[in-house]
There are 2 protein chains.
Amino acid sequence: MAKVYNFSAGPAVLPHAVLAEAQSEMLDWHGSGMCVMEMSHRGKEFMEIIHDAEHDLRELMQIPKNYKVLFLQGGASLQFAMLPLNLLGDKKSIDVVNTGHWSKLAIKEAKRYANVNVVASSEDRNFTYVPAEETWQRDPDAAYLHYTSNETIGGLQFPFIPSSANGVPLVCDMSSDFLSREVDVSQFGLIYAGAQKNIGPSGLTVVIVREDLLGKALPSTPTMLNYQVHADADSMYNTPATYPVYIAGLVFKWLKELGGIKGMAARNDEKAGLLYHAIESSNGFYYSTVDAPFRSKMNVVFRLKDESLEDTFLSEAKKNGLVQLKGHRAVGGMRASIYNAMPIEGVKALVSFMMDFARQHS
Amino acid sequence: MAKVYNFSAGPAVLPHAVLAEAQSEMLDWHGSGMCVMEMSHRGKEFMEIIHDAEHDLRELMQIPKNYKVLFLQGGASLQFAMLPLNLLGDKKSIDVVNTGHWSKLAIKEAKRYANVNVVASSEDRNFTYVPAEETWQRDPDAAYLHYTSNETIGGLQFPFIPSSANGVPLVCDMSSDFLSREVDVSQFGLIYAGAQKNIGPSGLTVVIVREDLLGKALPSTPTMLNYQVHADADSMYNTPATYPVYIAGLVFKWLKELGGIKGMAARNDEKAGLLYHAIESSNGFYYSTVDAPFRSKMNVVFRLKDESLEDTFLSEAKKNGLVQLKGHRAVGGMRASIYNAMPIEGVKALVSFMMDFARQHS
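Residues numbered from 1 in each chain as written. Chains lettered and ligands numbered in written order. Predicted model: local features only at pLDDT ≥ 70, side-chain atom pairs only at ≥ 80, totals over all residues. Heavy atoms only, no water.

Draft legend 1. The arrangement of the sheet that holds strand β14 (residues 334-337) of chain B in detail. Residue and element names in this part refer to chain B. A sheet is described by the order of its strands in space; here three strands give the open sequence β11-β12-β14, paired in antiparallel fashion. Across the chains shown, the open sheet's two edge strands, defined by having one partner strand only, are β11 (286-288) and β14. If you compare each strand with its neighbour and ignore which way they point, the axes differ by 35 degrees on average. Together, β11, β12 (299-304) and β14 form the strand contacts of helix α7 (residues 260-280), whose direction differs from that of β12 by roughly 15 degrees. Across the face of the sheet, helix α8 (residues 310-319) comes into contact with β11, β12 and β14 while running at roughly 130 degrees to β12. (Pairing = 2+ DSSP bridges. Helix = DSSP H or I, 4+ residues; strand = E, 2+ residues; numbered from the N terminus. Axes fitted to C-alpha atoms, helices over the stretch in contact; angles between N-to-C directions. Contact = heavy atoms within 4.5 Å.)

This is how it looks when you write it as structure tokens:
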């Protein structure tokens, strides 16, 4: 087996302990004689699995009782349509903050169903900062305000939670920093996250929604796109993505064992700190493309001063077992995604390689 | 480990060889150092996996070149909305055959977007037969005709493929008998199937659609519900359910090794034959609820003449390692789902148990 550190932006590295447990249970989950994939979703075994997953997630995030937790399918991309279809109600428009690739996709889809008011955008400087909240041009009558707490491609992360001004519910795409730092759920109307970064396998989407926002779906909303339908059925309106739910549940247990989100946030601070320090102390050999206060602790995007060396960097890194470091084509350069499951040893190995590479090529 | 035969209607038993392979590759797929769940969906490893899966499915079903194969999410339930949204075009109505629970759900959702003409229904006799095709009241101007080739809950299966009269495309929910018998794909406009019976894990839906039916989505169709979007992107518009696609690919390879669909159909005939013979030769102790020509080879639904013995039957069966035999609450009694992955030994064990049980309680 090749030993690699996988810096993929998602689907991404999973905790070794989780995969080892899934491997050991593959042919027989807890003496049932069945793989989890083979279980009726309405049988007591899977009901226990999904119940435990929800329970552990609620405990980890301290989700208040007036919020529903939904295990859905379709990724964040499907949420981009579900949000306006479900939350617009009798309002006419929604507020959005535009901070990059994923914000833009959310805006594009929302425009098909609602008037979209871009309260602020950092497109003027290629999405390298988050506009100061006091400059946002908010509509007090918006159905909700949408933002992307971490832009996976740009490597930009909100260092603050926007205010829920005028009672306008806050809706957050937390796909790529979910469970990576402490968050006060009660400040949000809805939080959603595709699983394939910090939760588990792709094909699962977690939605946390305040109950009073349910029941307002537009008449044309497909049944499967109606949050209320899934909330009423405890995510069992139809067959959920059972195996991804199971893996997510193992990830939640792993997080609890490691000290919950508080413990994970400290580890993430340390990991990101090591990497950004290596970049900052390289005398300009490497540089970050994002303004300092907004640099993501999940997706560390950086370039080489000498761009002609970037391909060499990637191929040498791969030879050293450091894979999936190529940045998104929209941004270029490098991207080291260091989600919860990336061990600090992986970050140290990358830092060590970066320092060696800089020495050799300076 | 408990040795059980799992007769669940879905999610359902998977081939042991497939699970064993998945287990052995869990921590390192083909020397990549990664679990399939950890791979970027745009990396060369996963691209190979999804390409192979499509290639093998095309070979198994001899899918003509003018059909697209899509790997989607959301199950058949989401297809119930996607079908009218994508295929209605400038037509006003669709034709449907109503043969049970799943037909009815497809009809209910379609009515939200189109006029629905029920060409025939067997509800008059509790869905125990398929109405003769020559009695169907078809609309020559329908956008398509929809039917459910196998009703998982009722245990009813079409023994024929309806004609594509007047060029009206045939659309089939093949969720519970996909890949179980030979089918001439060229007779269909669209075939769809939730994976969790004969394909793989839940969370994956396979759609096979004739190219000329694409590009007609209603303007309100969410982007993620537009077949054309997924067809143009080879199912990679957003992150697909990568692990379910991988498992499906292993199932397709397993099918090929066992002689393809022709070989599997012969096995399925034998398995269903054994079970129905046991029912028929029980002197009325057991009886089938479905008219003989329409009895499903995938979901064998039966009752005991003495209904008061049914709970005892289920608990005794479970003690003998024969699990998930309880019928759906809408029908009652027993249901033995004997999909492709159910070995003939499982059916023989069930038949043996049924004969013993009948002897003891006659």
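Draft legend 2. View of the domain arrangement of chain A. Residues and elements named next belong to chain A. Taken domain by domain, chain A comprises domain 1 (17-257) and domain 2 (260-361). For domain 1 versus domain 2, the distance between C-alpha centres works out to 27 Å. Here domain 1 packs against domain 2, burying approximately 2,100 Å² in sum over the two surfaces, 58% of which is carbon and sulfur. Here domain 1 and domain 2 share one salt bridge between them. The salt bridge partner of D291 is R125, with a shortest N-O separation of 3.1 Å. Applying the counting criterion to the domain 1 and domain 2 interface returns 12 residue pairs in polar contact (both at pLDDT 80 or more). Elements represented by at least two residues in the side of domain 1 that touches domain 2 include exactly α2 (44-61), β6 (150-151), β7 (156-157) and α6 (242-257). When the residues that make up the side of domain 1 that touches domain 2 are grouped by side-chain class, the tally is 11 nonpolar, nine polar and seven charged. (Domains from an automatic or database assignment. Buried area = accessible area lost by both parts, 1.4 Å probe. Salt bridge = Lys/Arg side-chain N within 4 Å of Asp/Glu carboxyl O. Polar contact = N/O pair within 3.5 Å; in protein donor to acceptor, adjacent residues only side chain to side chain. Nonpolar A, V, L, I, M, F, W, Y, C, P; charged D, E, K, R; others polar.)

Draft legend 3. Examining the UniProt feature "binding site: L-glutamate" (unreviewed entry) in chain A more closely. All names here are of chain A. If you check UniProt for "binding site: L-glutamate" (unreviewed entry), the listed places come out as R42 in our numbering. Its location among the elements puts R42 in the loop between α1 (16-24) and α2. The class for R42 is partly exposed, based on a relative accessible area of 47%. Other than its neighbours up to four places away in sequence, R42 contacts M47, M236 and Y237. (UniProt positions renumbered as here; feature names shortened; annotations may be inferred. Buried < 20%, exposed > 50% of the residue type's maximum accessible area, 1.4 Å probe, protein only.)

Draft legend 4. Local environment of the interface of chain A and chain B. Listed by partner, the interface residues are 61 residues for chain A and 61 residues for chain B. Carbon and sulfur atoms supply 58% of the area that chain A and chain B bury against each other, a total of about 4,700 Å² over both sides. For the chain A face of the interface with chain B, the top three residues by lost area are L27, M37 and E38 of chain A, together amounting to 14%. One can count zero salt bridges joining chain A with chain B.

Draft legend 5. Geometry of the relation of the copies chain A and chain B. Of the transformation superimposing chain A on chain B, the axial component is 0.0 Å and the angular component is 180 degrees, with the fit at an RMSD of 0.0 Å. Such values leave the two copies arranged in the relation of a two-fold axis. In terms of proximity to the rotation axis, the leading residue of chain A is Q23 of chain A, whose C-alpha is 2.6 Å off the axis. The fraction of interface residues of chain A whose copies in chain B are also interface residues reaches 100%, indicating that both copies meet through the same surface. (Least-squares fit on C-alpha atoms with pLDDT ≥ 70 in both.)

Draft legend 6. Up close: the nonpolar core. Among the nonpolar cores identified, the biggest contains 134 residues, and F178 and Y243 of chain A together with F178 and Y243 of chain B are the most heavily contacted of them. In this structure Y243 of chain A touches A22, M26, C35, V36 and M37 of chain A together with M26, M37 and Y243 of chain B, once residues within four positions along its chain are discounted. Ranked by size, the runner-up nonpolar core spans 64 residues in total, among them L70 and A110 of chain A together with L88 and A110 of chain B. (Core = buried A, V, L, I, M, F, W, Y, C linked by side-chain atoms within 4.5 Å.)

Draft legend 7. Quick look at the side chain of S8 of chain A. In this structure, S8 of chain A sits in the loop between β1 (5-6) and α1. A polar atom in the side chain of S8 of chain A sits 3.2 Å from the backbone nitrogen of G10 of chain A. From its side chain, S8 of chain A meets the backbone oxygen of P11 of chain A in a polar contact 2.7 Å long. Ignoring sequence-local partners within four residues, the contact set of S8 of chain A consists of V323, Q324, S337 and Y339 of chain A together with E38 and S40 of chain B.

Draft legend 8. Just helix α3 (residues 75-87) of chain B, in detail. All names here are of chain B. Between its first and last C-alpha atoms α3 spans 18 Å; for 13 residues at 1.5 Å apiece the expected length is 18 Å, and the two agree. Most pronounced at A81, the bend in α3 amounts to some 30 degrees, and the proline P84 follows within four residues. Within α3, 13 of the 13 residues are buried, which leaves the element mostly enclosed by the surrounding structure. Residue G89 follows α3 closely and has a positive phi angle near 55 degrees. (Expected span 1.5 Å × (residues − 1). Bend = angle between axes of the 7 residues up to and from the residue.)

Draft legend 9. Structural view of the packing of helix α2 (residues 44-61) of chain B against helix α6 (residues 242-257) of chain B. Residue and element names in this part refer to chain B. Axis separation between α2 and α6 bottoms out at 9 Å; the angle between their running directions is 40 degrees. Classed by the angle they form, the pair α2 and α6 counts as oblique. Every pair of crossing elements has a handedness; the one defined by α2 and α6 is left-handed. Contacts between α2 and α6 involve F46, I49, I50, D52, A53, D56, L57, E59 and L60 from the first element and T242, V245, Y246, G249, F252, K253, L255 and K256 from the second. Grouping the constituent residues of the contact of α2 with α6 by class yields 10 nonpolar, two polar and five charged. (Parallel < 35°, antiparallel > 145°, perpendicular 65-115°, else oblique. Left-handed = near helix turned anticlockwise from the far one by under 90°.)

Draft legend 10. Quick look at the environment of F353 of chain A. All names here are of chain A. Residue position: F353 is located in helix α9 (residues 344-361). Since its relative accessible area comes to 9%, F353 is described here as buried. Residues F353 and A317, spaced 36 residues apart in sequence, show a C-alpha to C-alpha distance of 7.2 Å.

Draft legend 11. Main features of the packing of aromatic side chains. Under the definition given, this model contains 31 aromatic pairs over all chains. On the basis of an interplanar angle of 85 degrees and a centroid distance of 6.0 Å, the ring pair of F302 of chain A and F313 of chain A is categorised as edge-to-face. Of the two residues, F302 of chain A sits in strand β12 (residues 299-304) while F313 of chain A sits in helix α8 (residues 310-319), which places them 11 residues apart along the sequence. Overall, F302 of chain A belongs to the buried group, its relative accessible area being 0%. Under the relative-accessibility criterion, F313 of chain A is labelled buried at 0%. Centre to centre, the rings of F353 of chain B and F357 of chain B are 5.8 Å apart; their planes meet at 35 degrees, and the pair counts as tilted. Here the residue F353 of chain B and the residue F357 of chain B both occupy positions in helix α9 (residues 344-361), the gap between them amounting to four residues, near one helical turn. Put simply, the rings of F285, Y286, F302, F313, F353 and F357 of chain A pair up and form one aromatic cluster. Sitting over the face of the ring of Y129 of chain A, R125 of chain A holds its NZ or CZ atom 4.4 Å from the ring centroid. (Phe/Tyr/Trp six-rings, centres within 6.5 Å; stacked < 30°, edge-to-face > 60°. Lys NZ or Arg CZ within 6 Å of the ring centre and 35° of its normal.)

Draft legend 12. Local environment of the sheet that holds strand β4 (residues 115-121) of chain A. Residue and element names in this part refer to chain A. Across the sheet, which stays open at both edges, the seven strands sit in the order β2-β10-β9-β8-β5-β3-β4 with mixed pairing between neighbours. Every other strand in the sheet has two partners, leaving β2 (67-72) and β4 as the edge strands with one partner each. Across the sheet, the mean angle from the axis of one strand to that of its neighbour is 20 degrees, orientation sign disregarded. As defined by bridge partners, strand β8 (residues 170-173) adjoins strand β9 (residues 190-194) across three bridges and the pair is classed as parallel. Bridged to C172 within β9 is I191. Where α2 meets the sheet, its contacts fall on β2 and β10 (205-210), and the angle it forms with β2 comes to roughly 130 degrees. Strands β3 (93-98), β4, β5 (145-148) and β8 of the sheet are contacted by helix α4 (residues 101-110), whose axis makes an angle of about 160 degrees with β3.

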